[in-house]
Amino acid sequence: MFVAYYLLQICSPDFNRVFVFIFYIYTKIYSNILIMRYIERDLKKIARFGERRELENVEFRTFLKGLDYEEVDEIVQRLNEEIIPQIDCRECGNCCHSLRPGLNDQEIEHLAQLEQIPKDDYIRKYMAEDEFDDELYLKDMPCKYLKGKICTIYDDRPEACRSYPHTHKERFIRRTHFMISHYEICPIIYNVMEHLKKELGYRY
């Protein structure tokens, strides 16, 4: 970097302006590298941390309830925007291995058409009913549409899959039970939660 400075000083009449520009680009790139360093992507580590920090996360949920939800949302939204581009869901697929998405009638009808079978046959063959809220969900786990780590119906995936892990939604504080439940499954949730703790100065 300093070599570039001296070369610019010799060769360019506007070397200060050019140097400032190069230094700006350099710091932006370097800051992005630093951001990427603290993103945890290792699913085995995340699962272990989930077990170890179960009580910590419950206490953190209680801590969040005493804060202003709009201020928390502002931080979560910013963290979400920073973290999501650094995690490729198509290289993870952990939610497809660990969760069963619920489907509405239109989604069931659409997937039945993709399978080229009647809706009732699709329900009987591929779906189950939640005993608590009567919701229908895909019963296979891992998901029947998962090949390796890739969703074979990605463009036609249900809304439950599209909006997961819901870290982009408002009222984060009201959804902390969900976040804690999925903390050890989803790297996005894990990293948002951990960096939220740091930004809020939370200590367990």
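Quick note: structure is the one above.
Residues numbered from 1 in each chain as written. Predicted model: local features only at pLDDT ≥ 70, side-chain atom pairs only at ≥ 80, totals over all residues. Heavy atoms only, no water.

(A) Main features of the pattern of salt bridges. If you walk through the whole model with that rule in mind, you get nine salt bridges. We note a salt bridge from Lys144 to Glu115, for which the minimum N-O separation is 3.0 Å. Of the two residues, Lys144 sits in the loop between strand E2 (136-138) and strand E3 (146-147) while Glu115 sits in helix H7 (residues 105-115), which places them 29 residues apart along the sequence. Taking the shortest distance from any N to any O, the salt bridge between Lys197 and Glu194 comes out at 2.8 Å. Of this pair, Lys197 and Glu194 both sit in helix H11 (residues 187-199), separated by three residues, roughly a single helical turn. (Salt bridge = Lys/Arg side-chain N within 4 Å of Asp/Glu carboxyl O. Helix = DSSP H or I, 4+ residues; strand = E, 2+ residues; numbered from the N terminus.)

(B) Focus on the side chain of Asn94. Mapped onto the fold, Asn94 is located in helix H6 (residues 94-98). In terms of polar contacts, Asn94 uses its side chain to reach the backbone carbonyl oxygen of Ile185, at 2.7 Å. Discounting residues that sit within four places of it in the chain, Asn94 has contacts with Leu43, Glu184 and Ile185. (Polar contact = N/O pair within 3.5 Å; in protein donor to acceptor, adjacent residues only side chain to side chain. Contact = heavy atoms within 4.5 Å.)

(C) Inspection of the nonpolar core at higher detail. By size, the foremost hydrophobic cluster in this structure holds 26 residues, and its most contacted members are Leu64, Val72, Phe172, Met193 and Leu196. Of all elements in the fold, only helix H3 (43-52), helix H4 (54-65), helix H5 (69-83), helix H10 (176-181) and H11 reach the threshold of two or more residues within this core. Considering each element in turn, this core owes the most residues, six residues, to H11. If we skip the residues at most four places from it in the chain, Val72 touches Leu64, Leu67, Phe172, Ile173 and Leu196. (Core = buried A, V, L, I, M, F, W, Y, C linked by side-chain atoms within 4.5 Å. Buried < 20%, exposed > 50% of the residue type's maximum accessible area, 1.4 Å probe, protein only.)

(D) Up close: a positive patch on the surface. On the surface, Lys44, Lys45, Arg48 and Arg52 cluster together into a patch of positive charge. Along the polypeptide, Arg52 turns up in helix H3. A residue is classified by how much of its surface remains accessible, and Arg52, at 61% relative accessible area, is exposed. (Patch = residues over 30% accessible without salt bridge, like charges linked within 9 Å, V, L, I, M, F, W, Y side chains within 5 Å. Areas by Shrake-Rupley, 256 points an atom, 1.4 Å probe, with all protein chains shown as cover. Lys, Arg positive; Asp, Glu negative; His and termini not counted. Charge placed at Lys NZ, Arg CZ, Asp CG, Glu CD.)

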